[in-house]
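# Structural overview for review
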Amino acid sequence: MKARLIQRGHPPRGQAMVEFLVGAMFVLIPLFLAIVALGKLSDVQSTATMAARYAAWERTVWYPGGGDFDSINAPNQKSADAIGKEIAVRLLNDRSGLQIKDTDKNATTLENGTDPLWRDNEGKAYLDNYNQLASNLGNEAPATDVAGAVINTLKNVSVKGLVGFVPPLPTDTLAVAQYTLNDVGKNSDAYRRLWPGDNGWQGMSFNATGAILSNTWGANARGGTNDMVKRMVPTAQGLGAVVQTARAGLAPWDPTQPSRIEVGKIAVDVLPDDRLK
């Protein structure tokens, strides 16, 4: 009897590795690219939030123009449109070598390109059109505004011979800014492949709101403060002439004291020299 030799095939080697590589190609690689994309888009949202906060802060020190308060603080006027243009240059542009300039408020393009991080894996920029940026900035009166109610009441009181004794303080001290980045990455072919289908990738829009409730302090320097406080000093207005006349009448009885009376004087606070060091 002859024994038969049964030849068995070698066990498959490398098959698991091949299967893993195929799975990685269709699952893990797109997943990795998607995670990177979500990280970049998260940075876009963070920047939109910073832009809204920047706009709200700017409105607390730059006034929109119009009204008695703004006429006194004219050097500190800046429109909402100008603030929005500054944001485009200072926060959205490529900031390498950025120099903040007064002409930023006139920008109409992203002349330096956008943040280098804001690109898909093929290098296409998320923002390619200046019109994708939108901002809305305004001032509101707080819902509970006791001081504003008092000021508005005093404004209705008139005293003969006085222009008014209530300083033109703003009562709409709640600065609210909304900033939007529209259709971010909409033209990215790479993202269309990551999110295919009829309802696949169509770009994203990011919105943020910033608000700052400030007091009636004005960034108006010494001259502006003097003009505002002057409204509260009757002798700096019409009653000053009456006091001057009375002071002249006292001179025959006490020649020294009347000269010490400073009619309508306003002493504006001055920052001590040691605070500037």
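All of the points below concern the structure found in this document.

It is worth spelling out the pattern of salt bridges at this point. Side chains that carry opposite charge are capable of pairing whenever their charged atoms lie near each other. Under the defined criterion, the tally for this structure stands at nine salt bridges. Where Arg90 meets Glu86, a salt bridge forms, and the shortest distance between an N and an O atom there is 3.6 Å. Separated by four residues within a single helix, Arg90 and Glu86 lie in helix H3 (residues 80-92), roughly one turn from each other. With a closest N to O distance of 3.9 Å, Lys101 and Asp104 form a salt bridge. Taking relative accessible area as the criterion, Lys101 reaches 40% and is therefore assigned partly exposed. Each of the salt bridges in this network shares a partner with another, and the network as a whole consists of Glu58, Lys78, Glu86, Arg90, Lys101 and Asp104.

All right, on to the packing of aromatic side chains then. Counted according to the given criterion, the structure contains four aromatic pairs. Between Tyr191 and Trp195 the ring centres are 5.9 Å apart and the planes differ by 85°, which places this aromatic pair in the edge-to-face class. Judged by its relative accessible area of 30%, Trp195 is partly exposed. Members of the aromatic cluster, joined through ring pairs, are Tyr126, Tyr191, Trp195 and Trp201. A cation over an aromatic ring shows up here: Lys78 above the ring of Trp62, its NZ or CZ 4.1 Å from the ring centre.

Conventions and cut-offs
Residues numbered from 1 in each chain as written. Predicted model: local features only at pLDDT ≥ 70, side-chain atom pairs only at ≥ 80, totals over all residues. Heavy atoms only, no water. Salt bridge = Lys/Arg side-chain N within 4 Å of Asp/Glu carboxyl O. Helix = DSSP H or I, 4+ residues; strand = E, 2+ residues; numbered from the N terminus. Buried < 20%, exposed > 50% of the residue type's maximum accessible area, 1.4 Å probe, protein only. Phe/Tyr/Trp six-rings, centres within 6.5 Å; stacked < 30°, edge-to-face > 60°. Lys NZ or Arg CZ within 6 Å of the ring centre and 35° of its normal.

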